[in-house]
Amino acid sequence: GDSVLIGSDYVKDSGTYNKELVSAIGCRDSIITYNIDVLDAMTATQNLVICAGDSVYLDGAYRNSAGTYIRTSQDIITGCDSIITSNLTVEDAIDLWAEDVNVCFGESFNLVVDGADNLSWTNSDRLSCDNCPNPSGQVNQTTTFTATTAGCAGQQESIDITVTVFNEVQIE
């Protein structure tokens with residue numbers, strides 16, 4: 001922390017300090033009383049999460065690497081130091097990939113999604129499971145299924161897969 005010079009002594013603790021002044025001819029002239037109040041530094045910690053490829057402005061620069069960043073500045077009112085610690089985490093981005101499926105009427109299908117293992121599905125009542133990466137199923141008409149997973153920094157990532165059903169062609 002900081003200190004204050006009182007006479008020839010540096011003081012860094014709160015308290016009352018007296019300094020005796022002596023005149024030019026060596027006589028005791030007066031006593032000055034100093035009331036020192038030491039204020040604690042203001043501190044704050046923030047935990048930040050960004051996705052790989054993103055950046056955040058910290059300590060005067062854009063940051064895209066995981067780590068701890070510390071910024072010290074002086075409070076304009078008290079003059080005390082303010083210390084902000086930023087813990088930055090960089091998560092891998094989720095990139096889902098899938099292909100649409102074509103089937104003939106009455107055939108079963110498999111949906112395949114790459115990029116995540118824990119998925120939840122819309123229209124799961126038509127699938128073999130509601131939270132797996134590669135369910136099978138059967139539909140009688142063209143249907144779109146949506147797979148959703150927790151993405152980077154708490155965002156939801158999703159992908160649509162359309163199962164197109166071709167009706168039987170009758171040749172006469």
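To be clear, the structure that these remarks concern was listed above.
Bear in mind the structure is a predicted one, so any value in this text is a computation, not a measurement.

Caption draft 1: Expanded view of the sheet that holds strand E8 (residues 67–74). Strand order in the open sheet made by the 3 strands is E5-E9-E8, with mixed pairing throughout. Looking at which strands have only one partner, the edges of the open sheet turn out to be strand E5 (42–51) and E8. The mean angle between the axes of side-by-side strands here comes to 20°, regardless of whether they run parallel or antiparallel. Direction of pairing for E5 relative to strand E9 (residues 81–91): parallel, over a ladder of 10 bridges. What sits directly across from Thr-45, in E9, is Thr-85.

Caption draft 2: Quick peek at the pairing of E9. Here E8 pairs with E9 via 8 bridges, running antiparallel. Paired with Ile-70 across the bridge in E9 is Thr-85. Counting the residues between successive antiparallel strands, the hairpin from E8 to E9 contains 6 residues, one of them, Gly-79, with a positive phi of roughly 80°.

Caption draft 3: View of the pattern of salt bridges. Enumeration over the complete set of coordinates arrives at 2 salt bridges. For the salt bridge of Glu-20 with Arg-28, the shortest nitrogen-to-oxygen distance reads 3.7 Å. Assessed through its relative accessible area of 60%, Arg-28 is described here as exposed. Residue Asp-59 pairs with Arg-63 through a salt bridge whose shortest N-O separation is 4.0 Å. What makes Asp-59 partly exposed here is its relative accessible area of 40%. The exposure class assigned to Arg-63 is partly exposed, which follows from its relative accessible area of 21%.

Caption draft 4: View of the state of the cysteines. Here the structure, examined in full by the defined rule, presents 2 disulfides. The disulfide that involves Cys-51 links it to Cys-152, with 2.1 Å between the sulfurs. Given an S-S torsion of about -125°, the disulfide between Cys-51 and Cys-152 has left-handed geometry. Placement of Cys-51 in strand E5 and of Cys-152 in the loop between strand E16 (143–150) and strand E17 (156–166) is noted, with a sequence separation of 101 residues between them. Assessed through its relative accessible area of 9%, Cys-51 is described here as buried. Residue classification places Cys-152 among the buried residues on the basis of a relative accessible area of 3%. Covalent S-S linkage joins Cys-129 and Cys-132, the inter-sulfur distance amounting to 1.6 Å.

What counts and what doesn't
- One numbering rule holds for all chains: residues counted from 1, following each sequence as written.
- Only residues with pLDDT of at least 70 get local features here, since the model is predicted, and only at 80 or more are side-chain atom pairs given and counted; chain-wide, interface and lining totals rely on the full set of residues.
- Here the side-chain values reflect all heavy atoms present in the structure, with hydrogen atoms and water set aside.
- Pairs of strands are assigned from DSSP output, requiring at least two bridges between the strands.
- Put simply, DSSP H or I for four residues or longer makes a helix, DSSP E for two residues or longer makes a strand, and each gets a number counted from the N terminus.
- Lines are fitted to the C-alpha atoms to define the axes, a helix being fitted only along its stretch in contact, and any angle between axes, read from their N-to-C directions, falls within 0 to 180 degrees.
- Salt bridges are defined as contacts in which a side-chain nitrogen from Lys or Arg sits within 4 Å of a carboxyl oxygen from Asp or Glu.
- Partly exposed residues are those whose accessible area sits between 20% and 50% of the maximum for their type, while under 20% is buried and over 50% is exposed, using a 1.4 Å probe and protein chains only.
- A pair of cysteine sulfur atoms is labelled a disulfide when the two atoms are within 2.5 Å.

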